[in-house]
Amino acid sequence: MSNNKRLSIKGTLSLEDFIKYNKYHLNKTVTIYFIICFFILFAIIQGPLSGDLFLIIIFAGIPSLIISSLLFLFAKTVNKQRAIKEFNSDQLIKKEAMYTFSSEGIEQKIRRSSNYFEWNDFLLAVEREEMFLLYISKHKAIVLPKSFFDSTNEIVLFKGIVSTNMEASKVQFN
């Protein structure tokens, strides 16, 4: 890939896109909490039980699984509500953004504001089914829904520009 390739895309992030980003971003954390919660509940409930493994699984495992699953669903619902609240409170996120990708970095324009990111500013580039996430920090990413791209050729060009300019260990594309 030559270093003079450039790509410009634009689009407006939808509430649905933001909720999906939030889900992807928090999925690992929520899953870890589910596993920890299950084992803590299992240990607490199993404590007074002794004897047959089958009875321990029935009287400790199943209730632990049910309670952990309910807490898991509650956490996912709370995270979705938080994402909706965050999206609704952020006026800038609802504006059309234009991105220009080149070997020098990424230029982001929203209204009359312009930001410039160099490739080493990014911690990670991740491809999901519906979007690309370019992480600027552990908890903040540039969200690029695939609907921002006009064709699969633009997606291929984007992936090539990112892969060429970021360390391979920081790029997680399909």
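Every value quoted in this text rests on a predicted model; they were computed, and no experiment measured them.

Visitor: When you look at the pattern of salt bridges in this model, what are you seeing that I'm missing?
Guide: A pair can form between side chains of opposite charge whenever their charged atoms are brought close. If you walk through the whole model with that rule in mind, you get six salt bridges. Each of the salt bridges in this network shares a partner with another, and the network as a whole consists of Glu16, Lys20 and Glu130.

Visitor: Looking at this structure, how should I read the sheet that holds strand 5 (residues 124–127)?
Guide: Consider a sheet: its strands pair through backbone hydrogen bonds, and that pairing is either parallel or antiparallel. The four strands lie next to each other as 7-6-5-8, forming an open sheet whose pairing is mixed. One side of each edge strand has no neighbouring strand; the edge strands of this open sheet are strand 7 (140–145) and strand 8 (171–172). Relative to strand 6 (residues 131–137), strand 5 runs antiparallel, the two sharing four bridges. Bridging from a neighbouring strand, Glu127 pairs with Phe132 of strand 6. Together, strand 6 and strand 7 form the strand contacts of helix 1 (residues 15–46), whose direction differs from that of strand 6 by roughly 60 degrees.

Visitor: Sorry if this is basic, but what is going on with the nonpolar core here?
Guide: Soluble globular proteins: nonpolar side chains tend toward being buried together. Within the largest apolar cluster, 24 residues are counted, with the highest numbers of intra-cluster contacts made by Tyr99, Phe101, Leu134, Leu144 and Phe158. The set of elements that each furnish at least two residues to this core consists of strand 1 (7–11), strand 2 (97–101), strand 3 (106–110), strand 6, strand 7 and helix 3 (152–165). Of the residues forming this core, the biggest block, four residues, is contributed by helix 3. Sequence-distant contacts of Leu144, defined by excluding residues within four places in its chain, comprise Ile9, Tyr99, Phe101, Met131, Phe132, Leu134, Phe149 and Phe158. With 13 residues, the next largest nonpolar core counts Ile93, Leu133, Tyr135 and Val143 among its residues.

Visitor: What's the story with the packing of helix 1 against helix 2 (residues 53–89) in this structure? I'm lost.
Guide: Think of two packed helices as two axes; the pair is described by the angle between the axes and how far apart they sit. Between helix 1 and helix 2, whose axes approach to 8 Å, the crossing angle comes to 155 degrees. With respect to helix 2, the element helix 1 is oriented roughly antiparallel. The chirality of how helix 1 crosses helix 2 is right-handed. When the residues that make up the contact of helix 1 with helix 2 are grouped by side-chain class, the tally is 23 nonpolar, nine polar and three charged.

Visitor: So what exactly am I meant to see when it comes to the pairing of strand 2 here?
Guide: The two faces of the sheet receive side chains in turn, since in a regular strand these alternate between them. For strand 2, a buried count of four out of five residues is recorded, marking the element as mostly surrounded by other parts of the structure. As judged from the five bridges shared by strand 1 and strand 2, these two strands associate in the antiparallel manner. Counterpart to Ser8 in the pairing with strand 2 is Thr100. Note: strand 2 against strand 3, five bridges, orientation antiparallel. Looking at the pairing, Thr100 lines up with Glu107 of strand 3. Once strand 2 ends, the chain turns through four residues before running back antiparallel as strand 3, passing Gly105 with a positive phi of about 155 degrees.

Visitor: Would you explain the environment of Asn115 in this entry?
Guide: With respect to the helices and strands, the residue Asn115 is situated in strand 4 (residues 113–117). It is 9.6 Å that separates the C-alpha atoms of Asn115 and Tyr99, two residues lying 16 residues apart in sequence. Discounting residues that sit within four places of it in the chain, Asn115 has contacts with Ile106, Glu107 and Gln108.

Visitor: Could you clarify how one ought to interpret the pairing of strand 6 in this entry?
Guide: Counted residue by residue, strand 6 has five buried out of seven residues, so it is predominantly covered. Joining the antiparallel neighbours strand 5 and strand 6 is a turn of three residues. Pairing geometry for strand 6 and strand 7, over six bridges, is antiparallel. Residue pairing in the sheet places Met131 in a bridge with Pro145 of strand 7.

Visitor: Help me out: how do you make sense of the layout of surface pockets in this one?
Guide: Any empty space left between the atoms is revealed when a probe the size of a water molecule rolls over them. Estimated volume of the largest pocket: approximately 790 Å³. Forming the walls of the largest pocket are 31 residues, and the residues nearest its centre are Phe18, Asp90, Ile93, Lys140 and Ala141. Among the elements of the structure, helix 1, helix 2, strand 2, strand 3, strand 4 and strand 7 are those that each provide at least two residues to the lining of the largest pocket. Ranked by the residues each element gives to the lining of the largest pocket, the list is headed by helix 1, at five residues. The class makeup of the residues in the lining of the largest pocket is 16 nonpolar, nine polar and six charged. Estimates place the volume of the second largest pocket at around 390 Å³. Lining the second largest pocket are 15 residues, and of these His25, Lys28, Leu124, Tyr135 and Lys138 sit closest to its centre. Secondary-structure elements contributing two or more residues to the lining of the second largest pocket are helix 1, strand 5 and strand 6. With five residues, helix 1 is the single largest residue contributor to the lining of the second largest pocket. Residues that form the lining of the second largest pocket fall into these classes: seven nonpolar, five polar and three charged.

Cut-offs and rules
- Residues numbered from 1 in each chain as written.
- Predicted model: local features only at pLDDT ≥ 70, side-chain atom pairs only at ≥ 80, totals over all residues.
- Heavy atoms only, no water.
- Salt bridge = Lys/Arg side-chain N within 4 Å of Asp/Glu carboxyl O.
- Pairing = 2+ DSSP bridges.
- Helix = DSSP H or I, 4+ residues; strand = E, 2+ residues; numbered from the N terminus.
- Contact = heavy atoms within 4.5 Å.
- Axes fitted to C-alpha atoms, helices over the stretch in contact; angles between N-to-C directions.
- Core = buried A, V, L, I, M, F, W, Y, C linked by side-chain atoms within 4.5 Å.
- Buried < 20%, exposed > 50% of the residue type's maximum accessible area, 1.4 Å probe, protein only.
- Parallel < 35°, antiparallel > 145°, perpendicular 65-115°, else oblique.
- Left-handed = near helix turned anticlockwise from the far one by under 90°.
- Nonpolar A, V, L, I, M, F, W, Y, C, P; charged D, E, K, R; others polar.
- 1 Å grid on protein atoms, 1.4 Å probe; cavity = no way out; pocket = protein on both sides within 12 Å on 5 of 7 lines; lining within 4 Å.
- Points joined across faces, edges and corners; volume = space filled by probe spheres on them.

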